[in-house]
Amino acid sequence: MTIDVRPASDFKDVRALIGPKSAEASVCWCLSHRIPSRLNNELRGPARGEYVAELCHGQPPPGVLAHDGDEPVGWAAVAPRSGTSFARSRRIPYVDDLPVWSLWCIRVRPGHRKKGISHALIAGAAEFARAHGAPAVEAYPLDSGDARVDLTMAYAGIRKNFERAGFTHAADTTSVLAGHPRVLMRLDLR
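An account of the accompanying structure is given in this report. Think of each chain on its own: its residues are numbered from 1, step by step along the sequence as written. Per-residue local features are limited, in this predicted model, to residues with pLDDT of at least 70; the limit for side-chain atom pairs, both in listing and counting, is 80 or more; totals at the level of whole chains, interfaces and linings are taken over all residues. Excluded from the side-chain calculation are hydrogens and water; included are all heavy atoms of the structure.

1. Let's talk about unusual backbone geometry
Going by this rule: Each helix is a run of DSSP H or I of at least 4 residues and each strand a run of E of at least 2, with the numbering of both proceeding from the N terminus. Burial classes follow relative accessibility: with a 1.4 Å probe on protein chains only, a residue under 20% of its type's maximum area counts as buried, one over 50% as exposed, and anything between as partly exposed.
The omega torsion of the bond from Gln59 to Pro60 falls at -5°, within 30 degrees of zero and hence cis. The residue Pro60 is located in the loop between helix H3 (46-57) and strand S2 (63-68) in this model. Non-glycine residue Cys30 carries a positive phi angle of around 60°. Note on placement: Cys30 falls in the loop between helix H1 (11-18) and helix H2 (37-42). Not every positive phi belongs to a glycine, and Lys114 is a case in point at roughly 65°. With respect to the secondary-structure elements, Lys114 resides in the loop between strand S4 (101-108) and helix H4 (117-131). Relative accessible area serves as the criterion here: at 86%, Lys114 is assigned to the exposed category.

Okay, here's the thing in C-alpha cells:
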C-alpha cells in the first residue's frame, strides 16, 4: 500500500471522509474549530456541505487527504491558527507570536486503520502548511499515555503519534477531551 497525501481540493473525496451518509444531517464536517460558533450553529443540513465545497475550491484548501491509489482513506484539517477558534481559545494557550498553523483533526476511514495513515496525514499536513508559508504547525492531541482512547474522540490525535513526526511538547493546556488532557505540540518548519 502506497499512501499519497494531497491537498483537500476534491470535495467528493472530502465528503467521503467527513460528510454524513444523509445530506440532510447536520454533522461536524470539521467546521466546529474552523468557523465562528454562530455560523457553525446556523449552518444546517446541506448548507454545511456546501460551505465545505467552497472551502475545497478556495486557496488554500481546508486540509489534506490521504489516498490509497484513487481511494480517499484519511483526512487532516490544517489551517492558519489565526482563522480558527484556537485563536480565541482560553484553554489552548499561545506559545508566542509566530503565525503558526493548527492541525486539529485526523480521521482515518474504518477498514484502513493501523496502516500508518495517520502518520502520513501528520507529515502531509505539516508539508502542506510549510508549502503555504507556515513557520510552524501546532497540534492539540490527547496525552493518553498507554490508555485506550475512544475512536470517536481520537480525532485530535494522540501525543505519541505527533512525537514520532518530530513535534515537541510546547505547552500544557487546560483542555480535556474524552477524559484525557490535551497538550500543545509544535513542529518548527523554518
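2. Concerning the sheet that holds strand S1 (residues 3-7)
Here is the rule: Between any two strands, at least two bridges found by DSSP are needed for them to pair. Geometry is summarised by axes, namely lines fitted to C-alpha atoms with helices restricted to the contacting stretch, and by angles between N-to-C directions that run from 0 to 180 degrees. Contacts are assigned to residue pairs with any non-hydrogen atoms lying within 4.5 Å of each other.
A sheet is described by the order of its strands in space; here seven strands give the open sequence S1-S2-S3-S4-S5-S7-S6, paired in mixed fashion. If you trace the sheet from one side to the other, it starts and ends with S1 and strand S6 (168-177), each paired once. The average angle at which neighbouring strand axes cross in this sheet is 25°, direction not considered. Pairing of strand S3 (residues 71-80) with S4 involves seven bridges; the strand directions are antiparallel. Paired with Pro80 across the strands is Trp101, a residue of S4. Helix-sheet contacts for H1 involve S2, S3 and S4, and the interaxial angle to S3 is about 95°.

3. Things to note about the nonpolar core
For clarity, the threshold we go by: What we call a nonpolar core is a set of buried Ala, Val, Leu, Ile, Met, Phe, Trp, Tyr and Cys residues that are connected through their side-chain atoms within 4.5 Å.
Val78, Leu103, Leu121, Val137, Phe162 and Phe167 are the most contacted members of the largest nonpolar core, which totals 25 residues. Listed by contribution, the elements that provide at least two residues to this core are S2, S3, S4, H4, strand S5 (136-139) and strand S7 (180-188). Looking at this core element by element, the count peaks at seven residues for H4. Listed in part, the 24 residues of the second largest apolar core include Val14, Trp29, Val52 and Leu65.

4. Here's the deal with H4
Rules: By definition here, a helix of n residues has an expected span of 1.5 Å times n minus one.
With 15 residues, H4 extends 21 Å between its outermost C-alpha atoms, agreeing within 8% with the 21 Å of an ideal straight helix rising 1.5 Å per residue. Buried within H4 are the following residues: Ile117, Ser118, Leu121, Ile122, Gly124, Ala125, Ala126, Phe128 and Ala129. Phi for Gly133, located one or two positions after H4, is positive at around 90°.

5. Examining the packing of aromatic side chains
Rules: Stacked, tilted and edge-to-face are the three classes assigned to paired rings of Phe, Tyr and Trp, where Trp is represented by its six-membered ring and a pair needs centres within 6.5 Å; plane angles under 30 degrees give stacked, over 60 edge-to-face, the rest tilted.
Using the criterion set out here, one finds five aromatic pairs in the structure. Pairing Phe11 with Trp29 gives two aromatic rings, centres 5.7 Å apart and planes at 15°, and the pair type is stacked. Placement of Phe11 in helix H1 and of Trp29 in the loop between H1 and H2 is noted, with a sequence separation of 18 residues between them. Residue classification places Phe11 among the buried positions, given a relative accessible area of 17%. Since its relative accessible area comes to 5%, Trp29 is described here as buried. Plain terms: the ring middles of Trp101 and Phe128 are 6.0 Å apart, the flat faces sit at 75° to each other, and that makes the pair edge-to-face. Note that Trp101 is positioned in strand S4 and Phe128 in helix H4, a separation of 27 residues in sequence.

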